[in-house]
Amino acid sequence: MDLLQRLKTETRSHHERTEGVLRLMDAHLTPADYRRQLEDFHGLYLPLEARLAGPLSSLEPALELASRWKTPLLEEDLRAMGHDAGSIARLPRAAPLPSLTGLAEALGCAYVLEGSTLGGQLILRHLRRHFGPDAGVGTFAFVRAYGDRVGPMWRAFGAVLTQASQRAASDTFDAAVVQGARDTFDAFAAWMTREHDAPVRL
Ligand code: HEM
């Protein structure tokens, strides 16, 4: 089984749990609920992406890191819903984060963040229908992510991941990638289900 297949199999229950903590597909989702979900995503993606940048830079330029960061897309959506630089800076940030000690763990984390763009296309169709054109919720930049390039971007990520695994040629490396992915899913679920403070005022 190649590493991508192994990741899918060995994190399946984590995916199911994570899907269960998201409210984006709720029948009664309001614009304020949607904004709060994006604020939570921001609180996790900002520090996680900052932590990934170092280890993943060794896979450049193949990885095309600059076009993969989702924090700018989240900030675009948050601004469309009334945030500015000041209120974005006051949003809570997730802690503790998965340790991501090396390239393998960082790749596992990136697998989770990149894979979420696949489900994003389904969520995008739902949100467009749910809110309609005049709800003032912006353009769904984060959920849309790469738009019609989701497939190619996912396959390119998979190719880089597979090459890194083949270069390392060790089960220890592959196991650390899976662990990084599981830890990321766990951090995600813990952050989304935490006791929330009062919302940041706009
Ligand atoms: C309502 C929420 C979600 C739904 C409905 C959803 C749905 C999906 C769907 C339909 C796929 C594509 C499966 C395929 O093409 O084989 C997928 C893949 C994936 N999703 Fe989600 N997802 C959700 C949330 C998330 C979140 C929040 C994350 C991570 C933070 C995530 C991580 C992944 C990963 C890593 C994959 C790739 C699985 C693989 O093929 O290896 N998903 N998801």
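Only a predicted model underlies this, so the values are computations on that prediction, with no experimental measurement involved.

(A) Broad picture of the site of the ligand. The ligand sits among 17 residues. The nearest are Lys8, Gly115, Ser116, Leu118 and Gly119. Counting residues per element, the ones that place at least two in the shell around the ligand are helix H1 (3-10), helix H2 (12-21) and helix H6 (103-131).

(B) Highlighting the packing of H6 against helix H9 (residues 171-192). For the pair H6 and H9, the least separation of the axes is 7 Å and the interaxial angle reads 45 degrees. Taken together, the axes of H6 and H9 are oblique relative to one another. Classified by chirality, the crossing of H9 by H6 is right-handed. Mapping the contact onto sequence places Ala104, Glu105, Ala106, Leu107, Gly108, Cys109, Tyr111 and Val112 in H6 and Phe173, Ala176, Val177, Val178, Gln179, Gly180, Ala181, Thr184 and Phe185 in H9. Split by residue class, the contact of H6 with H9 holds 12 nonpolar, 4 polar and 1 charged.

(C) Inspection of the packing of helix H3 (residues 31-56) against H9 at higher detail. It is the contact of H3 with H9, at a shortest axis distance of 10 Å, that shows an interaxial angle of 140 degrees. By the angle class used here, H3 and H9 are oblique. Relative to H9, the crossing made by H3 is right-handed. Contacts between H3 and H9 involve Asp40, Gly43 and Leu44 from the first element and Phe188, Trp191 and Met192 from the second. Residues that form the contact of H3 with H9 fall into these classes: 4 nonpolar, 1 polar and 1 charged.

(D) Just unusual backbone geometry, in detail. Of note, the bond from Glu60 into Pro61 is cis; its omega dihedral lies within 30 degrees of zero at 5 degrees. Mapped onto the elements of the fold, Pro61 is located in the loop between H3 and helix H4 (71-80). The amide bond that connects Ala95 to the next residue, Pro96, takes the cis arrangement and shows omega of -5 degrees. Position of Pro96 among the secondary structure elements: in the loop between helix H5 (85-89) and H6. Even without being a glycine, Phe140 presents a positive backbone phi close to 60 degrees. Locating Phe140 in the fold gives a position in the loop between H6 and helix H7 (141-144).

(E) Structural context of H3. Between its first and last C-alpha, H3 extends 35 Å over 26 residues, near the 38 Å set by a 1.5 Å rise per residue. If you check which residues of H3 are buried, you get Tyr34, Arg35, Leu38, Glu39, Asp40, Phe41, His42, Leu44, Tyr45, Leu48, Leu52 and Leu56. Those residues of H3 hidden inside the fold are in contact with H4, H6, H7 and H9.

(F) Geometry of the environment of Gly158. Residue position: Gly158 is located in helix H8 (residues 150-168). Separated by 155 residues in the primary sequence, Gly158 and Leu3 have C-alpha atoms spaced 9.1 Å apart.

Conventions used here
- Residues numbered from 1 in each chain as written.
- Predicted model: local features only at pLDDT ≥ 70, side-chain atom pairs only at ≥ 80, totals over all residues.
- Near = placed C-beta within 6 Å.
- Helix = DSSP H or I, 4+ residues; strand = E, 2+ residues; numbered from the N terminus.
- Axes fitted to C-alpha atoms, helices over the stretch in contact; angles between N-to-C directions.
- Parallel < 35°, antiparallel > 145°, perpendicular 65-115°, else oblique.
- Left-handed = near helix turned anticlockwise from the far one by under 90°.
- Contact = placed C-beta atoms within 7 Å.
- Nonpolar A, V, L, I, M, F, W, Y, C, P; charged D, E, K, R; others polar.
- Expected span 1.5 Å × (residues − 1).
- Buried ≥ 20, exposed ≤ 12 C-beta atoms within 10 Å, placed from the backbone.

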